[in-house]
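Observations on chain architecture
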Amino acid sequence: MSDTDDKKPLTLSGRSKLEMKRPGTAAGQVRQSFSHGRSKTVTVEVKKKRGAAPARTKSFAEAAATETAQPAPVASPAPAQPSSAPADKGRVVLKALTDEEKAARAKALEGAKIASVEARKKAKEDAERRAGEEVQLEREREEAERREAEEAERKRVEELARKKAAEAAAVRLGEPETDEDASARAKPSARPEIKRPVAPRPRAGERRRGGKMTLTQALDDRERTRSLAAVRRQREREKRQARTGDSDAPKKVFREVVIPDTLTVQDLANRMTERGVDVIKALMKMGLMVAINETIDADTAELVVTEFGHRAKRVSKADVEIGFRAGDSEEDESLLVPRAPIVTVMGHVDHGKTSLLDALRATDVVAGEAGGITQHIGAYQVTLPSGAKITFLDTPGHEAFTSMRMRGATVTDIVVLVVAADDGIMPQTIEAINHAKAAKTPIIVAINKMDRPDADADRVRRDLLQQDLVVEELGGEVLAVEVSATKRTGLDKLEEAIVLQSEVLELKANPDRAAEGVVIEAKLDRGRGVVTTVLVQRGSLRVGDIVVAGAEWGKIRALVDDHGRQIDVLRPGEPAEVLGLNAAPEAGDEFGVVESEGRAREITGFRSGQARERGVALAATARGSVEDMFSKIGDTEKSMLPIIIKADVQGSLEAIRASLEKMSTNEVAVSVVHGGVGAINESDVTLAAASRALILGFNVRANVQARDRAKRDSLEIRYYSVIYNVVDDIKDLLSGMLKPAIKETMLGQARIKQVFAVSKVGKVAGCEVIEGVVRRGARARLLRDDVVVHEGVLAMLKHFKDDAREVRAGSECGIALENFHDYHEKDVIEAFEVEEIARTL
């Protein structure tokens with residue numbers, strides 16, 4: 001059906017109904033076959049392609065574009081005509097589009113344009129890529145053809161050389177060339193078998209050939225070539241490596257090597273994954289000749305690690321303590337709250353320190369102190385009428401407690417220096433001032449005993465000037481308060497001075513962190529176990545916390561304040577007794593709270609190891625070098641007094657040990673075999689029996705088993721409650737161990753005038769006493785030309801024929817020395833006496 005027929009109007013020409021043909025379709029008939037020989041004719045429609053539209057008919061898109069470009073004038077809408085009305089012949093009437101349809105069509109056109117541009121761009125990129133691939137393939141193809149040509153040329157040259165060699169071999173064998181040889185040269189594929197001459201036997205290590213060998217096989221030196229696919233894979237691999245930087249060759253791995261304090265060469269090699277031989281070579285270059293199992297230090301190991309290109313990371317055993325005590329450096333100012341000041345009362349012995357504290361606490365502590373002196377640090381807290389709190393530390397004043405006073409001055413905020421108005425500045429007072437200055441702690445002077453008739457406060461103020469302490473009355477900054485502990489006068493002024501000084505210092509702490517502080521004292525109680533007096537400086541200490549104090553640790557079971565009451569929390573600036581440590585720590589040790597028992601064991605294990613190492617080092621230092629040992633051979637050995645000390649608290653033990661060791665001299669010394677806190681037990685007595693030591697008990701007693709064992713082994717146990725008595729008794733014992741001093745007293749001299757021979761006696765010297773007196777039984781020396789020839793005892797002394805007890809100057813006598821008979825005239829006999837004088841320390 002033609003295009004003209006499609007445009008004719010619809011008419012009812014011989015048909016009973018009106019039909020309209022579908023645009024773009026054509027009708028046809030086909031015969032459809034079924035089973036059993038049946039068939040049927042059916043009519044089908046064939047849809048035409050869109051591209052077959054007439055050229056003169058505008059497309060829908062063009063018509064829309066034309067309509068959009070030239071909009072029709074606005075007019076009133078015409079009445080709609082029925083669809084069955086015939087249209088004008090030769091015209092196509094288009095339906096008007098709405099604004100929404102126009103916008104949709106414009107948007108579709110814009111999307112089509114963008115899609116067309118992207119399609120053209122992608123097609124261009126694909127074309128360029130395919131062109132590049134074709135060029136690359138062409139290059140590879142040309143390269144392969146060139147290699148094939150080279151291979152063919154090489155084979156042709158080898159074939160010619162092989163033919164020439166065959167001809168030369170035939171000439172050497174002297175055999176005429178046969179037709180078979182000629183045909184063999186003409187046809188290389190036909191390889192005639194020839195007989196080889198007998199070859200010598202292969203040497204050792206050479207490969208033995210098996211079977212027959214033809215001339216062609218002997219002269220065939222072709223090598224196996226790589227295939228084109230292998231060459232292509234190799235090139236792709238090289239390109240990939242050049243693009244990504246990868247390589248199939250193994251690369252050296254550089255590691256971070258952890259270096260402890262000491263390690264062996266083998267351990268260092270294992271940490272670096274290097275060969276031990278290479279590490280030893282590196283050390284030899286540094287001038288160190290070491291074996292694989294020898295130990296090297298961390299500095300040398302770090303140099304070796306750097307030389308091999310690795311990264312060194314130094315670690316130490318001491319790293320276990322990192323983060324244990326943070327201190328005040330990490331505190332947030334917003335979390336700090338005011339705390340009670342820590343005041344240490346210091347001064348000379350018997351100047352009234354404890355009495356002053358009694359007056360402040362309104363309790364009688366002096367009655368409980370043996371001998372009227374304080375022999376350990378006491379920690380108390382006083383609440384003032386104003387509500388302010390002050391923590392006091394009472395330190396001993398005896399010279400033996402120097403370390404305790406130094407420890408008290410270190411942990412304190414303010415030092416109250418107690419000076420007796422009737423006694424003035426004393427040696428321990430000066431020592432306390434020096435400790436306070438070393439700790440840079442402010443000092444408040446309390447002039448005590450103002451109730452005495454001979455009290456002179458002005459003299460105390462003047463004496464303080466010699467120690468660079470200028471009080472306010474003399475124009476300085478040091479506060480001085482006159483008090484009387486017995487009359488309880490001036491105490492309010494002293495408390496006001498302490499509160500004023502603490503406000504100037506602005507003492508603050510964070511109570512919401514882990515507790516940190518210092519051990520004031522430690523003792524062993526039979527009923528409660530280890531009792532440790534602590535002072536919290538930062539944070540809060542609670543029951544159940546795990547605490548590390550020095551080389552000891554434990555879980556807190558109870559907290560007891562200075563009034564004997566059990567508490568649950570200990571705030572900053574407050575002292576208390578702690579129960580739960582596994583052993584008594586050293587007085588002055590710092591303590592802190594850790595998060596777990598494992599962490600506590602790590603820290604205490606490290607500190608115990610350090611203590612053992614220090615003990616070994618001190619023992620080695622005491623032994624000295626080999627030269628020192630040889631120089632001491634033949635010298636008089638030092639007399640040692642072995643002692644075992646058991647005390648009630650750690651501070652007293654420390655003071656007694658220091659005082660006794662200070663008594664040692666070049667001839668006698670005190671050897672503290674063992675020192676501990678607690679009662680004297682059977683093991684202490686056993687140790688004393690093994691070392692023949694004296695047992696000293698300071699404020700402690702021996703249990704029943706220890707007393708029985710000491711009585712059975714005849715060991716002496718001495719009990720003391722005042723440190724003065726301990727020092728005096730040990731001094732007397734050491735004095736008794738000293739060798740007496742020898743004092744020689746000159747008696748007189750006698751000159752020999754004639755020598756007589758007496759029967760049954762021997763030779764006797766007839767002498768004249770020229771000086772002093774000569775006594776029988778005295779010590780005598782024989783001098784010949786002022787040189788001592790003999791020294792012995794004057795055995796016989798006669799005046800004429802009678803025995804005489806002594807002969808004075810101007811008289812003659814006969815003298816015979818014991819076991820000596822070689823007398824000469826003009827020899828001089830000198831008589832003298834030796835006196836032994838006891839020595840004291």
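These numbers come from a predicted model, not from an experiment.

To continue, consider the overall build of the protein. Helix and strand counts for the protein come out as 20 helices and 35 strands. Taking all contacts inside the protein whose residues are at least 6 apart in sequence as the whole, residues at least 24 apart take part in 68%. Carbon together with sulfur atoms contributes 51% to the accessible area of the protein, which is approximately 53500 Å² in total.

Let's shift gears to unusual backbone geometry. The phi dihedral of Asp 468 is positive, around 65 degrees, even though this residue is not glycine. Structurally, the position occupied by Asp 468 is in the loop between α13 (457–465) and β13 (479–482). Phi angles above zero are rare outside glycine, and Ser 714 is one such case at about 55 degrees. Mapped onto the fold, Ser 714 is located in the loop between α19 (704–712) and β27 (717–720). By relative accessible area, which is 61% here, Ser 714 ends up exposed.

With that out of the way, let us pick up the side chain of Thr 604. Structurally, Thr 604 can be placed in helix α15 (residues 597–623). The class of Thr 604 is buried, set by a relative accessible area of 7%. Polar contacts involving the side chain of Thr 604 include one to the main-chain carbonyl oxygen of Arg 601, which spans 3.2 Å. Every residue in contact with Thr 604, bar those within four places of it in the chain, is listed here: Val 548, Gly 550, Ala 551, Glu 552 and Trp 553.

Strand order in this open sheet of 6 strands is β9-β10-β8-β11-β12-β13, and the pairing throughout is mixed. What marks the edges here is a single partner per strand, and that holds for β9 (378–383) and β13. Taking each pair of neighbouring strands and ignoring which way they run, the sheet shows an average axis angle of 25 degrees. Looking at chain direction, strand β11 (residues 414–420) and strand β12 (residues 443–448) are connected through 6 bridges and run parallel. Residue pairing across strands places Leu 417 opposite Val 445, the latter belonging to β12. Its contacts with the sheet place helix α12 (residues 427–438) against β8 (342–347), β11 and β12, and it is angled at close to 165 degrees to β11.

Moving on: the packing of aromatic side chains. Using the criterion set out here, one finds 1 aromatic pair in the structure. When the ring of Phe 820 is compared with that of Tyr 823, the centres are 5.4 Å apart and the planes differ by 80 degrees; the resulting orientation is edge-to-face. Across the pair, exposure class does not vary: Phe 820 and Tyr 823 are buried alike.

The relative placement of two packed helices comes down to the angle between their axes together with the axis-to-axis distance. Running from N to C, helix α17 (residues 650–661) and helix α20 (residues 723–737) cross one another at 30 degrees; their axes reach a closest spacing of 10 Å. Taken together, the axes of α17 and α20 lie roughly parallel to each other. The handedness of the crossing between α17 and α20 is right-handed. Contacts between α17 and α20 involve Ala 655, Ile 656, Ser 659 and Leu 660 from the first element and Ile 723, Val 726, Val 727 and Ile 730 from the second. In terms of residue class, the contact of α17 with α20 is built from 7 nonpolar, 1 polar and no charged.

The next point concerns the sheet that holds β27. Pairing between the strands of a sheet comes from backbone hydrogen bonds, and it takes one of two forms, parallel or antiparallel. As summarised here, the arrangement of the 4 strands in space is β25-β24-β26-β27, forming an open sheet in which the pairing is parallel. Both outer strands of the open sheet, β25 (668–677) and β27, are each paired with one neighbouring strand and no more. On average, each strand axis in the sheet is tilted by 25 degrees relative to the strand beside it, whichever way the strands run. Examined bridge by bridge, strand β26 (residues 694–698) and β27 share 4 bridges and lie parallel to one another. The partner of Leu 696 across the bridge, within β27, is Arg 718. Packing of helix α18 (residues 682–691) onto the sheet brings it into contact with β24 (639–647), β25 and β26, and relative to β24 it is tilted by some 180 degrees.

With that settled, the discussion passes to a nonpolar patch on the surface. A grouping of Met 286, Leu 288 and Leu 303 is seen on the molecular surface, where their side chains present a nonpolar patch of about 240 Å² in accessible area. You can see Leu 303 is positioned in helix α9 (residues 298–307).

With that settled, consider the pairing of strand β16 (residues 529–538). Extensive coverage of β16 is indicated by the burial of 8 of its 10 residues. Bridge analysis of strand β15 (residues 516–525) against β16 gives 9 bridges, and the strand direction is antiparallel. The residue of β16 that forms the bridge with Glu 521 is Thr 533. Linking β15 to β16, which pair antiparallel, is a turn of 3 residues. With 5 bridges connecting them, β16 and strand β22 (residues 575–581) associate as antiparallel partners. In the sheet register, Val 534 faces β22, and the bridge partner there is Ala 576.

Right, let's get into the packing of helix α7 (residues 265–272) against helix α8 (residues 276–285). Direction vectors running N to C along α7 and α8 enclose 115 degrees, while the axes themselves pass 9 Å from each other. Judged by the twist between their axes, the crossing of α7 over α8 is right-handed. Contacts between α7 and α8 pair Val 265, Leu 268, Ala 269 and Met 272 from the former with Gly 276, Val 279, Ile 280 and Leu 283 from the latter. Classifying every residue of the contact of α7 with α8 gives 7 nonpolar, 1 polar and no charged.

Bringing the confidence of the model for the protein into the picture now. Across the protein, the average pLDDT comes to 78, with 76% of residues at or above 70. The low-confidence segment residues 51–90, where pLDDT is below 50, has 9 contacts with residues more than four positions distant or belonging to other chains. In the model, residues 186–199 has pLDDT below 50 throughout and makes 8 contacts with residues more than four positions away in sequence or in other chains.

Let us look at α8. Along α8, the residues classified as buried are Gly 276, Val 279, Ile 280, Ala 282 and Leu 283. What you see down the axis of α8 is that its buried residues fit within an arc of 160 degrees, all on one side. Where the residues of α8 are buried, they touch α7 and α9. Directly beyond the C-terminal end of α8, a positive phi value near 90 degrees is found at Gly 287.

A contiguous patch of positive charge, built from Arg 139, Lys 239, Arg 240 and Arg 243, is present on the exposed surface. At 3 residues, the largest contribution of residues to the positive patch is made by helix α6 (residues 228–244). Looking at where Arg 240 falls in the secondary structure, it is placed in helix α6.

Relative to the elements of secondary structure, Lys 753 occurs in strand β28 (residues 741–758). Judged by relative accessible area, which is 45%, Lys 753 ranks as partly exposed. Sequence separation between Lys 753 and Ala 765 is 12 residues, and the spatial gap between their C-alpha atoms is 7.6 Å. Apart from residues lying up to four places away in sequence, Lys 753 is in contact with Gly 766, Cys 767, Glu 768, Glu 812 and Glu 825.

Below, the discussion takes up the pattern of salt bridges. Scanning all chains against the criterion turns up 43 salt bridges. The salt bridge partner of Asp 126 is Arg 129, with a shortest N-O separation of 4.0 Å. Here Arg 129 and Asp 126 lie together in helix α3 (residues 99–173), a separation of 3 residues that amounts to about one turn. Using a relative accessible area of 23% as the deciding quantity, one classes Asp 126 as partly exposed.

A few words on the state of the cysteines. All told, the structure shown has 0 disulfides when counted by the stated rule. Cys 767 takes part in no disulfide bond, and the closest cysteine sulfur, belonging to Cys 813, lies 5.5 Å away.

When you tally the buried positions in β24, you get 7 out of 9 residues, the bulk of the element. Here β24 pairs with β26 via 5 bridges, running parallel. Within β26, the position partnered with Ile 644 by the bridge is Ile 695.

On to α13, then. Among the residues of α13, those classed as buried are Ala 457, Val 460, Arg 461 and Leu 464. Each buried residue of α13 sits inside an arc of 100 degrees when the element is viewed along its axis, so together they form one side. In this structure, the buried residues of α13 make contact with β11, α12, β12 and β13. Regarding α13, its N-cap is Asp 456, as a side-chain oxygen of that residue lies 3.4 Å from the backbone nitrogen of Asp 458 further along.

The rules behind each value
- Within every chain, residues take consecutive numbers counted from 1 along the sequence as written.
- Predicted model: local features are reported for residues with pLDDT of at least 70 only, side-chain atom pairs are reported and counted for 80 or more only, and whole-chain, interface and lining totals are derived from all residues.
- Excluding hydrogens and water, the side-chain values take into account all heavy atoms of the structure.
- Only DSSP runs of H or I reaching four residues or more are called helices, and only runs of E reaching two or more are called strands; each is numbered from the N terminus.
- Note on contacts: a residue pair qualifies if any of its non-hydrogen atoms lie within 4.5 Å across the two residues.
- Areas reported here follow the Shrake-Rupley algorithm with a probe of radius 1.4 Å; residue values treat only the protein chains shown as occluding.
- Think of it in three bands: residues with accessible area under 20% of the maximum for their type are buried, residues over 50% are exposed, and the middle band is partly exposed, with areas taken using a 1.4 Å probe on protein chains only.
- Polar contacts, as counted here, are pairs of nitrogen or oxygen atoms within 3.5 Å of one another; within protein the pair requires one atom able to donate a hydrogen and one able to accept it, and residues that are adjacent in sequence qualify only if both atoms are side-chain atoms.
- Two strands make a pair as long as DSSP finds a minimum of two bridges between them.
- Only the stretch in contact is used when fitting a helix axis, every axis being a line fitted to C-alpha atoms; angles between N-to-C directions are given from 0 to 180 degrees.
- Any two rings among Phe, Tyr and Trp, with Trp reduced to its six-membered ring, count as a pair given centres within 6.5 Å; such a pair is stacked if its planes are under 30 degrees apart, edge-to-face if over 60, and tilted if neither.
- Roughly parallel covers angles under 35 degrees, roughly antiparallel covers those over 145, roughly perpendicular covers 65 to 115, and oblique covers all other angles.
- We call a crossing left-handed when the near helix sits turned anticlockwise from the far one by less than a right angle, and right-handed when that turn is clockwise.
- In this count, Pro and Cys sit with the nonpolar residues alongside Ala, Val, Leu, Ile, Met, Phe, Trp and Tyr, while Asp, Glu, Lys and Arg are called charged and the others, Gly among them, polar.
- Only residues whose relative accessible area exceeds 30% and that form no salt bridge enter a patch; like-charged residues are grouped when within 9 Å of one another, and nonpolar side chains (Val, Leu, Ile, Met, Phe, Trp, Tyr) when within 5 Å.
- Any Lys or Arg side-chain nitrogen found within 4 Å of a carboxyl oxygen on Asp or Glu counts as a salt bridge.
- The pLDDT value tells you how sure the predictor is about a given residue, anywhere from 0 up to 100.
- The arc refers to the directions leading from the helix axis to the C-beta atoms.
- In this tally, Asp and Glu contribute negative charge and Lys and Arg positive charge; neither His nor the terminal groups of the chain are included.
- Where a charge sits is defined by one atom per residue type, namely NZ (Lys), CZ (Arg), CG (Asp) or CD (Glu).
- When two cysteine sulfur atoms are found within 2.5 Å, that pair is recorded as a disulfide.

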